[in-house]
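# Residue-level structural notes
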Amino acid sequence: RWTKRISLVVLIAAFAALTLCLALRSIISGYIPMSNGYETMLFMAWLLWVITIVLFRRFRVIRVLGPLAALCCMLVAMMTGGSSQLSPLVPVLQSPLLSLHVMTVMCAYALFALQMLMGIYALVMMKRGHSPLDRVTALSQLLLYPAVFLLAIGIFLGAVWANVSWGNYWSWDPKESWALITLMVYAVPFHSTSIPALRRPRCYHLYMIAAFFAVLITYFGVNYLLGGMHSYA
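Attention in this report is confined to the structure presented alongside it. Just so you know, the residues in each chain are numbered from 1, in the order the chain's sequence is written. This being a predicted model, a pLDDT of at least 70 is required before a residue's local features are given, and a value of 80 or more before pairs of side-chain atoms are given or counted; all residues contribute to the totals for chains, interfaces and linings. Excluded from the side-chain calculation are hydrogens and water; included are all heavy atoms of the structure.

## A look at helix H2 (residues 37-54)
Since the α-helix packs 3.6 residues into each turn, any two residues three or four apart lie on the same face. Counting from the N terminus, the helices are the DSSP runs of H or I reaching at least four residues and the strands are the DSSP runs of E reaching at least two. Expected helix span is given by 1.5 Å per residue-to-residue step, counting one fewer step than there are residues. Here H2 is 18 residues long and its end C-alpha atoms lie 26 Å apart, about the 26 Å a rise of 1.5 Å per residue gives. Relative accessibility under 20% of the residue-type maximum defines a buried residue, over 50% an exposed one, and the middle range a partly exposed one, all with a 1.4 Å probe and only protein chains included. Of all 18 residues in H2, 14 are buried; the element is thus mostly enclosed.

What follows is the structure in structure tokens.
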């Protein structure tokens, strides 16, 4: 009991520190910090702290995987180098649609990251001879609904923003194409009636682990390898 209370206090303290960091960046810069990889990784970590605190009492697996995912995001943010410096936004980013678009997409990515980690956890436990962990599988399947919905909304907002900025809703930019691919990949588990293999917990978790590579390509691969109009992100 004391361990749980201490861990909750540490979680809240870390969440408060990160919230203060994001608030200070917003006050100093004059805009919501969502303009580059460093800021989006901090925001994703903040989201994971929120999810961890909200689900802390009901789901034991979230107590470990949530902070682990958040710390990984913060580590990635620290490794981005000069992007941590505050600088004026380029004209194309000076739009309120930027914050809405990035926030919804990063919320989806945070849930996808948790599903990936839950998949690894479930497979390790099954390898050790534990039961199929129906509670973990059910939680992962439950998180899939808001995650896919948020990603779809984020893509829609991005299309509206593109029309305002560039006069075109969709240009098949690498980031746009891979975002659509990611949406289609994560929509597959909804069709478990047509794909019986996804009804089995082991196959489902394997799929969710593999599906996260689409997120990695969309977020990192496009920025560093494929370029395009979203290369500034």
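## Describing the packing of helix H5 (residues 134-166) against helix H6 (residues 174-187)
Relative to each other, H5 and H6 sit at 155°, their axes nearing to 10 Å. Put simply, H5 runs roughly antiparallel to H6. Seen from above, H5 lies across H6 with left-handed handedness. The segment H5 lies against H6, with Leu-144, Val-148, Leu-151, Ala-152, Ile-155 and Ala-162 engaging Glu-176, Ala-179, Leu-180, Thr-182, Leu-183 and Tyr-186. Every axis corresponds to a line fitted to the C-alpha atoms, with the helix fit spanning only the stretch in contact, and the corresponding angles, defined between N-to-C directions, vary from 0 to 180 degrees. Each angle receives one of four descriptions, namely roughly parallel if under 35 degrees, roughly antiparallel if over 145, roughly perpendicular if within 65 to 115, and oblique otherwise. Helix crossings are classified by the rotation of the near helix relative to the far one: an anticlockwise turn of less than a right angle makes the crossing left-handed, while a clockwise turn makes it right-handed. Contacts are assigned to residue pairs that have any heavy atoms within 4.5 Å of one another.

## Brief notes about the environment of Leu-150
Within the secondary structure, Leu-150 sits in helix H5. Taking the C-alpha atoms as reference points, Leu-150 and Trp-2, separated by 148 residues in sequence, lie 36 Å from one another. Residue contacts for Leu-150: discarding those within four places in its chain leaves Thr-104, Cys-107, Ala-108 and Leu-111.

## As for the side chain of Thr-52
In this fold, Thr-52 is placed in helix H2. Taking relative accessible area as the criterion, Thr-52 reaches 0% and is therefore assigned buried. Not counting residues up to four positions away in its chain, the partners in contact with Thr-52 are Leu-11, Ile-62, Arg-63, Gly-66 and Pro-67.

## Quick notes on unusual backbone geometry
Phi is positive for Trp-172, close to 55°, though the residue is something other than glycine. Within the secondary structure layout, Trp-172 lies in the loop between H5 and H6. Owing to a relative accessible area of 58%, Trp-172 belongs among the exposed residues under this scheme.

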